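Close look at the chain arrangement
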Amino acid sequence: MMSVTMETNLSTTPLPLPVHFAHAEQSFSLKKRRLPFSSDSSSPHSSPVCLSRTLPPRPSAKGGCGSVSRVFTPRPSLWSPLSRSLIETQHPASLYDPGKPQSFFSQCFTHLGLLGRGSFGEVYKVLSHRDGRQYAVKRSVHRFRGGRERTWSVGEAGNHERLGPHPHILAFIAAWEEGDRLHIQTELCCTNLQLHAENQPANMDEATAWAYLCDLLLALQHLHSQGFVHLDVKPANVFLTRSGRLKLGDFGLMMELQPGGGGPVNGRGREDAQEGDPRYMAPELLRGEYGPAADVFSLGVSILELVCNMEVPKGGEGWQQLRKGCLPTEFTNVLSDELQTVLKMMLASEPLERASVPQLLSLPSVRRRLWRRRLSLFLQETALRVASLYQSTMLLSWKLWLFLRLPWLPSWKTPAPCTPPRDSWEKEFALPLTLWSSNARGSLEDDTVFMQEPLEHSMDLSPSFPERVRSRLSMGSTSTPLQRSPLRTPSPSPCLAPSAAHSSPSTHLRFDHSRSGTPPVYPDFPGSHRSRRGGSSRRLLEGEAEGTLSWDLSIEPKNLLRMFEDTAREDLR
Ligand SMILES: Nc1ncnc2c1ncn2[C@@H]1O[C@H](COP(=O)(O)OP(=O)(O)OP(=O)(O)O)[C@@H](O)[C@H]1O
């Protein structure tokens, strides 16, 4: 009788709360969305101060020591690799030279910006000089405050590395210690799930919630199969890639368990297990029991929060209710029966009654979504790969195009050529020039329409070569310039008279411009000082400011062909 009364009393006694649950919320409430489009805090549309965005209360410092500056005198910042990936591979001296005053971080990476700040670290977006890829580097905010904190931090990096690669685990790249700070280099993601959800204009639909559940169950399956428990599963510790794939990250509280369900391998205990976010914490952790079931509970709360757009309580009555297996029906009754059932299985108050990850993954409702999710991720990622391949091909061809045109590029400084009289110009040059200008999209380099070598030198003009073509050649050409060779020659003449150019027996034409304060005007070609093609002429005239220039220009055989065609056309007329 006595024992029955005691049991009843115990079952009604609220669960003990962690000591740092100072600001407990009393009940469930709707999550306030962040409105990303306004930065004005006075505006009614500005971002509300969302409770889920405030960092959870934490003990002041891991290791429980005072401020570092009072305890330690500053030491020179030594670099030491912590991960196998760094210990086993030598950094070439060209990449990292320990003799240089710059840190390993600044020698090996270009800092591209701050991604965010957590309670223990600042995360930077970086460009690796080693492989030219972008990564995230998390650097602890505080210097190690003693051996325990250092061991803890080094343990975090080591555990993350030991997890090995998995499609739903944030990829570990390297870890090192420098300036008494831990640095962990990981793959770069777009954002975390908490920020992503808060920035969505509408509530998360159930299909997305199922997809996220599948991803994270797979991540936990991998983690648990390696003998680890995460102990801090929450949307803020889940990252999203460009394709929408979820990756579980932040292994700061992860513990390795002894085989056969024993305690933690590395001597971490009850206090450490309670450092997680109280909103997602499994009730048994407060009794000092930790195992994979704790992660299932935290994942259940995370999915509930996301799909119901619910503010998860940090404490109080709502917190107690959730840990007794009572779901807030005012939120969950809109969900499908299948999802409600799965959530109830995940949020069972007793760890032994709670479904394990393998059990959840074998549920027909989950299995069905699992293959759908795999297919959708495969399609998304394939589409992204194709798009990026297309992008790099385009970039490459653009670079090639630019490279091929490079010899012409400086010719934008070329002075405007002296031209034959308008009538003659229109008749002889209009067609090829139009073709050429459309080809070159009106760029300025096209205005160098000269020949470099005397044509007879570069081409064998047989006696049968039609006289009219000869005469055309002698007048100059709109041919593609083969090579530009600006020769600085002092010339008293402002411009070689077009008549002189015409009368030259050779196809080698030389045009000189002398520098004058105002743009030269070519009297024989009305409007020649204005742009024939928008601004090109203007820039061309600017090029004249460089001084007196003379230009050797030449004709390409393909343009000769065009001249033959023109002549034939005229003959037909
Ligand atoms: N790999 C990554 N790619 C993109 N963003 C990242 C990455 N890692 C962290 N971030 C961003 O950096 C910010 C801080 O990171 P994180 O929360 O992991 O730090 P923390 O100190 O471990 O935080 P806490 O322990 O309080 O959860 C977050 O906004 C997170 O989205």
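Residues numbered from 1 in each chain as written. Predicted model: local features only at pLDDT ≥ 70, side-chain atom pairs only at ≥ 80, totals over all residues. Heavy atoms only, no water.

Things to note about the overall build of the protein
Secondary structure assignment for the protein yields 20 helices and 15 strands. Within the span of the protein, comprising 573 residues, buried residues form 47% of the whole. In the protein, of all internal contacts separated by at least 6 residues, the share reaching a separation of at least 24 is 71%. By element, 58% of the accessible surface of the protein is carried by carbon and sulfur atoms, the whole surface being about 29500 Å². (Helix = DSSP H or I, 4+ residues; strand = E, 2+ residues; numbered from the N terminus. Buried < 20%, exposed > 50% of the residue type's maximum accessible area, 1.4 Å probe, protein only. Contact = heavy atoms within 4.5 Å. Areas by Shrake-Rupley, 256 points an atom, 1.4 Å probe, with all protein chains shown as cover.)

Examining the pattern of salt bridges
Any two side chains of opposite charge can pair, on the condition that their charged atoms come close. Here the structure, examined in full by the defined rule, presents 15 salt bridges. The salt bridge involving Arg 279 is made with Asp 277; its shortest N-O contact spans 2.8 Å. Exposure class is identical for Arg 279 and Asp 277. Each is buried. (Salt bridge = Lys/Arg side-chain N within 4 Å of Asp/Glu carboxyl O.)

Comments concerning the sheet that holds strand S11 (residues 246–248)
Taken in spatial order, the three strands of this open sheet run S8-S10-S11, and their pairing is antiparallel. With partners counted over all chains shown, the strands left at the sheet margins are strand S8 (191–192) and S11, one partner each. As paired strands, strand S10 (residues 238–240) and S11 are joined by three bridges and run antiparallel to one another. Bridge pairing in S11 links Phe 239 to Lys 247. Of the strands in this sheet, S10 and S11 touch helix H7 (residues 206–225), which is tilted by about 30° from S11. (Pairing = 2+ DSSP bridges. Axes fitted to C-alpha atoms, helices over the stretch in contact; angles between N-to-C directions.)

Notes on the nonpolar core
Residues Leu 213, Leu 217, Leu 223, Leu 231, Leu 248, Leu 299 and Leu 360 are the most contacted members of the largest nonpolar core, which totals 66 residues. With near-sequence residues (within four places) excluded, Leu 223 lies in contact with Leu 163, Ile 169, Phe 228, Val 229, His 230, Leu 248, Phe 251, Met 254 and Asp 295. (Core = buried A, V, L, I, M, F, W, Y, C linked by side-chain atoms within 4.5 Å.)

Comments concerning the sheet that holds strand S3 (residues 109–117)
In spatial order, the strands read S2-S6-S7-S5-S4-S3; together these six strands make up an open sheet with antiparallel pairing. Either end of the sheet is taken by a strand with one partner, and the two such strands are strand S2 (79–81) and S3. If you compare each strand with its neighbour and ignore which way they point, the axes differ by 25° on average. In this sheet, strand S7 (residues 181–187) lies alongside strand S6 (residues 172–178) in antiparallel orientation, the contact comprising six bridges. When the sheet's bridge partners are listed, Ala 174 is paired in S7 with Gln 185. Across the sheet, helix H5 (residues 147–163) touches strand S5 (134–140), S6 and S7, and the angle it forms with S7 is around 15°.

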